Amino acid sequence: MSNQKLTSFNPPQRLLMGPGPSDIHPRVLAAMARPTVGHLDPAFQTMMEEIKAGLRYAFQTENALTFPVSAPGSAGMECCFVNLVEPGDTVIVIQHGAFGGRMKENVERAGGHAVLVAFEWGQPIELESVRAALETHASAKILAFVHAETSTGVSAPAKELCDLAQAHDCLTIVDCVTSLGGSELKVDEWGIDAAYSGTQKCLSCPPGISPVTFSERAADKIKQRQSSVQSWFLDLSLVMAYWDNSGGGARTYHHTAPVNAMYALHEGLVMLQEEGLEEAQMRHHAMHQKLKAGLESLGLGLIVDESHRLSQLNTVSIPDGIDEAAVRQYVLQKYDLEIGAGLGALAGKVWRIGLMGSSATERHVMTCLTALEDALK
Ligand code: PLP
């Protein structure tokens, strides 16, 4: 038995400019400190409906089946795959970074057959290769892809991919963890069938909640399942007894929702509405332009071509002879600034500088440029 004496934990105040989490606005942090109520308290239930409305705005959808999963983005991913993939289903998965690889694993663990269409990390998705895979695997039921690849900084042509999927009678599962609130995203207009996100990126809320949304077509496929969903926690037919009261019946207990984290998400959605979705997306782009110009004046370049580059995740080439980890450590110690390392195929080759949510401000950009200039001199 440990006798270690514990004392309160006081974290350092960092500027978070990595791949997530991003800085949390004081209003969101303050919301979290409000008194906890029961997860079936009438006041909480009213707020749950507001969260669903706020998420519909963020996702640009009328989908009834829109709610926050009480677990991180990885659980939102799993929620989409375990409910939509039935044993034996063929799913075409586009991999252009780390997170597409996780989609493939999810398909296989759900008993599906994954067909991978892979692209070099940092390079654009070529629609012709996806079209060819859809034609070759005509029995495929689902096309899955990551809208904003956080490991590379590449944006997927989501609308075009959804058009292709529909032309081949496939549903789409789209990872919107890093795109929600930061990139243009139109679930209904583009015909996305299932999307999941995370609260810790462009919504600037604490990590640990995953907004999801499902179209009617997706809901129908789930209703027609022959086998039960192997995950109890993520089975939509069970969890919706808590999140859906559209039938007018009483909500019932499924799990104890993270009440205070939901207050934070609610406040984040209030702030998104106040700013406006398009304005928030424009702010991310404007900060990206400032960062890019400043990086160029330091002799630093981005690896992703402008035509398919994300604003909120900037992958910066590491100049020859620079110890990339030492630079990250220097800016963390001297400037309290977190920037991210490269992941997977890009490890050691890039820094990942996030401009997400409350971290997409001039103060962040200027501090980052000052810190990098200092570290590299
Ligand atoms: N998908 C993408 C594109 C991500 O960037 C992340 C996290 O960084 C995830 C999924 C997983 O989210 P979480 O870490 O919240 O489980």
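Think of each chain on its own: its residues are numbered from 1, step by step along the sequence as written. With the structure being a predicted model, the display of local features is reserved for residues of pLDDT at least 70 and the display and counting of side-chain atom pairs for 80 or more, all residues being used for whole-chain, interface and lining totals.

Let's shift gears to the overall build of the protein chain. Secondary structure assignment for the protein chain yields 13 helices and 13 strands. In this setup the radius of gyration rests on C-alpha atoms only. A globule is expected at 2.2 Å times the number of residues raised to 0.38. Taking 377 residues into account, the globule formula puts the C-alpha radius of gyration at 21 Å, and the protein chain, at 21 Å, falls close to it. Relative to its full complement of 377 residues, the protein chain shows a buried share of 48%. Here contacts are defined at the residue level, using C-beta atoms placed from the backbone and a cut-off of 7 Å between them. Sequence separation of at least 24 residues holds for 73% of the intrachain contacts in the protein chain that already meet a minimum separation of 6. Secondary structure elements are defined from DSSP: runs of H or I of at least 4 residues count as helices, runs of E of at least 2 residues count as strands, and each element is numbered from the N terminus. For the exposure call, what matters is how many other C-beta atoms sit within 10 Å of a residue's own: 20 or more marks it buried, 12 or fewer exposed, and in between partly exposed, using C-beta atoms placed from the backbone.

Turning next to the site of the ligand. Placing a C-beta atom from the backbone of each residue, we mark the residue near a molecule or strand if the atom is within 6 Å of it. Near the ligand there are 14 residues, and of these Pro72, Gly73, Ser74, Thr150 and Val177 occur at the shortest range. Considering every element that reaches the shell around the ligand, the biggest residue donor is helix α3 (residues 73-84), with 3 residues. In the scheme used here, Gly and all other residues not listed as nonpolar or charged are polar, with Ala, Val, Leu, Ile, Met, Phe, Trp, Tyr, Cys and Pro taken as nonpolar and Asp, Glu, Lys and Arg as charged. When its residues are assigned to classes, the shell around the ligand shows 7 nonpolar, 6 polar and 1 charged.

In short, DSSP must find at least two bridges between two strands for them to pair. Taken together, the 7 strands give an open sheet; going across it, the order is β2-β10-β9-β8-β5-β3-β4, and neighbouring strands pair in mixed fashion. The strands lining the two open edges of the sheet, one partner per strand, are β2 (65-69) and β4 (113-118). Each adjacent strand pair in this sheet contributes to an overall mean axis angle of 15°, direction not counted. With 3 bridges joining them, strand β3 (residues 90-95) and strand β5 (residues 142-146) adopt parallel strand pairing. Pairing of Val93 across the sheet is with Ala144, part of β5. A fitted line through C-alpha atoms represents every axis, and for helices the fit uses only the stretch in contact; the resulting angles, taken between N-to-C directions, go from 0 to 180 degrees.

Another point: the packing of helix α12 (residues 324-335) against helix α13 (residues 362-376). As a packed pair, α12 and α13 sit with axes 10 Å apart at the nearest point and diverge in direction by 120°. Our classification of the angle between α12 and α13 gives oblique. Viewed along their axes, α12 and α13 form a crossing whose handedness is right-handed. Contacts between α12 and α13 involve Val327, Tyr330, Val331 and Tyr335 from the first element and Thr367, Ala371, Leu372, Ala375 and Leu376 from the second. Each residue belonging to the contact of α12 with α13 can be placed in one class, and the counts come to 8 nonpolar, 1 polar and no charged. With respect to orientation, any angle under 35 degrees is reported as roughly parallel, any angle over 145 as roughly antiparallel, any angle of 65 to 115 as roughly perpendicular, and every other angle as oblique. Whether a crossing is left-handed or right-handed is set by the direction in which the near helix is turned from the far one by less than a right angle, anticlockwise for left-handed and clockwise for right-handed.

This brings us to unusual backbone geometry. Residue Pro21 is reached from Gly20 by a cis peptide bond, and omega for that bond is 5°. For Pro21, the location among the structural elements is in the loop between β1 (15-17) and α1 (26-32). Non-glycine residue Gln60 carries a positive phi angle of around 55°. In this structure, Gln60 sits in the loop between α2 (42-59) and β2. At Asp169, a position not held by glycine, the phi torsion is positive, near 60°. Structurally, Asp169 can be placed in the loop between α6 (158-167) and β8 (171-175).

Our next topic: the UniProt feature "modified residue: N6-(pyridoxal phosphate)lysine" (unreviewed entry) in the protein chain. UniProt positions are given in the numbering used here, feature names are shortened, and annotations may be inferred rather than shown by experiment. UniProt's entry tags Lys201 with the feature "modified residue: N6-(pyridoxal phosphate)lysine" (unreviewed entry), counted in the numbering of this structure. Of note, Lys201 is situated in the loop between β9 (194-196) and β10 (210-214). For Lys201, a count of 29 C-beta atoms within 10 Å translates into the label buried. Discounting residues that sit within four places of it in the chain, Lys201 has contacts with Gly20, Ser22, Val177, Thr178, Gly182, Met356 and Gly357.

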